[in-house]
Amino acid sequence: MAESLQPATQEFARALRGALPQLRMPPFDERFGSEPRGLFTCADALVVAPSTVDQVSVILSMSHEAGVPVIPFGGGTGLVGGQVSPDLDRPLVVSLHRLRAVRKVDVAASSMTVEAGVTLQEVRTAAAGAGFRFPLSIASKGSCNMGGVMATNAGGVNVLRFGNARDLCLGVEAVLADGSVLDGLNELPKDNSGFDLKHLLIGSEGTLAIITAARIRLFPAARDRATALLTLTGLSAASELCARCKEILPDQLSAFELINRIGLEFLVETGLRRSLPMRETTEWLVLIDVDATQPMELDRKLFDVAESAQDAGLVADGVFAHSESQRKGLWMMRELIPEANSRIGAIASHDISIPIQSIVPFVEAATERLNGIGPFRVNCFGHFGDGNLHYNVFPPAGESRRNYMHLRDRIVGTVHALVREFGGSTAAEHGCGRLKAAELQLHGDATRLATMHSIKRALDPRGIMNPGVIFRLPRMG
């Protein structure tokens, strides 16, 4: 941006306190200075915790006037460094954890309005209490906040059927860089009076505004459900099996998750699981979830799909959930894989999307190229049904990742180059953050980037909103 940024000095803190006597200013600690993968740290920041949208408005207005960089902070679960900056001189961290209200559950409109600090799990629980469900689900649902969910356009396991956060959002309330409040929470199903700005702000990762509330879609609760963990005869079988599920259960297929045997071994290796559902398994597995709002004998139908797939040589074995506790156990196993990855310690982690028809040749090519770099273990898993893979590279068993970190840039460059060769994206559901900003500027479509820069300059002319995220960091003053 054209103007340099200034640190959040003690004088600036006193000015905020004078304008907002009730504003809480928590001490800066490790929670605000680090992120889950340890790639980014911040030595110091001024932290504020507003409890109303009006307080957020005043904070941004004063930050805009003073040129102080602002980092929105939700649950701190982001994996691309969007919530912490190592390069800003004492930024202002705006923690949204006190915006905690579920403002409204509208049964007639099948919607709910929630503030940014409500966790995803709390939203799912509130929806269930009203006889609905909110289908977005990710491993960090107990700690991630709805402001971050919307700001990153979070995805998760049910995108195949219900879409990303953008598809589940009916409107947002947000505060722009200059303190202006955008109220987009009207309850009109149809409103074509100009641009739909919520789609601009969702996925903008705090670079254009701070989302303070969202109106989200609710769906009828599931009355029938079936879940199966199936071992595959090979990775290519996943594509055909997924196509069969979409054809036979097109309106019921909610999740089709790819699991690698390495991921299951990590669960045992790290002590997160003492045993696995199967004594023996193949290299690739899929976890399938189908559900319906009315009884449909889904257990039988999913079993029939699996049996026909076994007859066709696609499936080797399977485990079916015969109770809700068994279903939760299978899903808990899947959701613990990221934690196991963290405990093992990845050399490099990749959140990528690949056209489904290209997943098999991509994995084969990636394996060959990485074998030329080192003796790695690769845990490739994720949301096969929508082409989103988590392709994570680990040291050999018994060795520390420290011995291989000098190869990290080469690994990332190799994987990302291959993703581009197959027409994929190197920023699937985690966003760009600070981690991938430089790569986006280097490899992104020129027209798209120019348009994004124009929007950024129009809405944030002083460049205070989450500097270094998506866009290159501006020069500090």
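Structure: above.
To start, this report covers the structure provided alongside it. (Residues numbered from 1 in each chain as written. Predicted model: local features only at pLDDT ≥ 70, side-chain atom pairs only at ≥ 80, totals over all residues. Heavy atoms only, no water.)

Some remarks on the packing of aromatic side chains
What counts here: Here a pair means two rings of Phe, Tyr or Trp (six-membered ring of Trp) with centres within 6.5 Å. Their orientation is stacked below 30 degrees between planes, edge-to-face above 60, and tilted elsewhere. Secondary structure is summarised from DSSP: a helix means a run of H or I of at least four residues, a strand means a run of E of at least two, and numbering begins at the N terminus for each. Think of it in three bands: residues with accessible area under 20% of the maximum for their type are buried, residues over 50% are exposed, and the middle band is partly exposed, with areas taken using a 1.4 Å probe on protein chains only.
All told, the structure shown has eight aromatic pairs when counted by the stated rule. Judged by centre distance (4.8 Å) and plane angle (75 degrees), the ring pair of Phe 266 and Phe 394 falls under edge-to-face. Of this pair, Phe 266 sits in helix 10 (residues 261-269) while Phe 394 sits in strand 17 (residues 388-394), and the two are 128 residues apart along the sequence. The class for Phe 266 is buried, based on a relative accessible area of 0%.

Focus: the sheet that holds strand 4 (residues 102-106)
Rule in force here: Strands qualify as paired when DSSP identifies two bridges or more between them. A fitted line through C-alpha atoms serves as each axis, taken over the contacting stretch for helices, and the angle formed by two N-to-C directions is quoted from 0 to 180°. We call two residues in contact whenever any of their non-hydrogen atoms come within 4.5 Å of each other.
The strand order across the open sheet built from five strands is 4-5-9-7-8, with neighbouring strands paired in antiparallel fashion. One side of each edge strand has no neighbouring strand; the edge strands of this open sheet are strand 4 and strand 8 (181-183). Looking at each pair of strands side by side, their axes are set apart by 15 degrees on average, direction ignored. Relative to strand 9 (residues 209-217), strand 5 (residues 111-115) runs antiparallel, the two being bridged by five bridges. In the sheet register, Ser 111 faces strand 9, and the bridge partner there is Arg 217. Sitting on the sheet, helix 3 (residues 53-66) is in contact with strand 7 (169-176), strand 8 and strand 9, with an inclination near 45 degrees to strand 7.

Observations regarding the packing of helix 10 against helix 12 (residues 324-344)
Threshold: Any angle between 65 and 115 degrees counts as roughly perpendicular, while under 35 counts as roughly parallel, over 145 as roughly antiparallel, and the rest as oblique. Three categories are distinguished: nonpolar for Ala, Val, Leu, Ile, Met, Phe, Trp, Tyr, Cys and Pro, charged for Asp, Glu, Lys and Arg, and polar for the others, with Gly belonging to the last.
Where helix 10 contacts helix 12, the axes come no closer than 8 Å and their chain directions differ by 70 degrees. Between helix 10 and helix 12, the angle falls in the class roughly perpendicular. Taken together, the residues of helix 12 that come into contact with helix 10 (itself represented by Gly 263, Leu 264, Phe 266, Leu 267 and Glu 269) are Met 333, Leu 336, Ile 337, Ala 340, Asn 341 and Ile 344. When grouped by side-chain class, the residues that make up the contact of helix 10 with helix 12 number eight nonpolar, two polar and one charged.

Observations regarding a nonpolar patch on the surface
Our working definition: Only residues above 30% relative accessible area that lack a salt bridge enter a patch, with like-charged residues linked at up to 9 Å and the nonpolar side chains Val, Leu, Ile, Met, Phe, Trp and Tyr linked at up to 5 Å. Accessibility throughout is a Shrake-Rupley quantity obtained with a 1.4 Å probe, and a residue counts as covered only by protein chains that appear here. A side-chain nitrogen of Lys or Arg and a carboxyl oxygen of Asp or Glu constitute a salt bridge if their distance falls within 4 Å.
Taken together, the side chains of Val 102, Val 105 and Val 107 present a nonpolar region at the surface, about 220 Å² in accessible area. Tracing the backbone through its elements, the reader meets Val 107 in the loop between strand 4 and strand 5.

Brief notes about the nonpolar core
This is how it is decided: Here the nonpolar core consists of buried residues drawn from Ala, Val, Leu, Ile, Met, Phe, Trp, Tyr and Cys, with membership extended through side-chain atoms lying within 4.5 Å.
Leu 241, Ile 288, Phe 362 and Ile 411 are the most contacted members of the largest nonpolar core, which has 52 residues in total. Ala 13, Leu 16, Val 48 and Ile 210 belong to the second largest nonpolar core, which has 35 residues in total.

Focus on the pairing of strand 2 (residues 70-73)
Burial of the side chains of strand 2 extends over both faces: Val 70 and Pro 72 are buried on one face and Ile 71 and Phe 73 on the other. Where strand 2 and strand 3 (residues 92-95) come together, four bridges link them in parallel fashion. The residue of strand 3 that forms the bridge with Pro 72 is Val 94.

Focus: the sheet that holds strand 1 (residues 46-48)
With respect to topology, three strands assemble into an open sheet ordered 1-3-2, the strand pairing being parallel. Two strands close off the open sheet at either side, each with one partner strand: strand 1 and strand 2. Mean inter-strand twist for the sheet, computed between neighbouring axes without regard to direction, equals 25 degrees. Direction of pairing for strand 1 relative to strand 3: parallel, over a ladder of three bridges. Bridge pairing in strand 3 places Leu 46 opposite Leu 92. Helix-sheet contacts for helix 1 (residues 10-19) involve strand 1 and strand 3, and the interaxial angle to strand 1 is about 15 degrees. The sheet contacts of helix 3 involve strand 1, strand 2 and strand 3, and relative to strand 3 the element is tilted by about 165 degrees.

Here we look at the packing of helix 1 against helix 3
Quick note on the threshold: Each crossing gets its handedness from the near helix: less than a right angle anticlockwise from the far helix is left-handed, clockwise is right-handed.
Viewed as axis vectors pointing N to C, helix 1 and helix 3 meet at an angle of 145 degrees, and their least axial separation amounts to 11 Å. When you trace helix 1 past helix 3, the crossing you get is right-handed. Listed contacts from helix 3 to Phe 12, Ala 15, Leu 16 and Ala 19 of helix 1 are Val 58, Ile 59, Met 62, Ser 63 and Ala 66. A class-by-class count of the residues in the contact of helix 1 with helix 3 yields eight nonpolar, one polar and no charged.

Re the side chain of Thr 270
Put simply, the rule is: Throughout this description, a polar contact denotes any pair of N or O atoms lying within 3.5 Å of each other; where both atoms belong to protein, one of them has to be capable of donating a hydrogen while the other can accept it, and for residues adjacent in sequence the pair is counted only when both atoms sit in side chains.
Note on placement: Thr 270 falls in the loop between helix 10 and strand 13 (284-292). For Thr 270, the side chain forms a polar contact with the main-chain oxygen of Phe 266, separated by 2.7 Å. Contacts of Thr 270, omitting those with residues within four sequence positions, involve Ala 340, Arg 343 and Ile 344.

Let's talk about the side chain of Ser 57
Mapped onto the secondary structure, Ser 57 falls in helix 3. Here Gly 179 takes part through its backbone oxygen, which lies 2.6 Å from a polar atom of the side chain of Ser 57. Beyond its immediate stretch of four places on either side in the chain, Ser 57 contacts Val 175, Gly 179 and Val 181.

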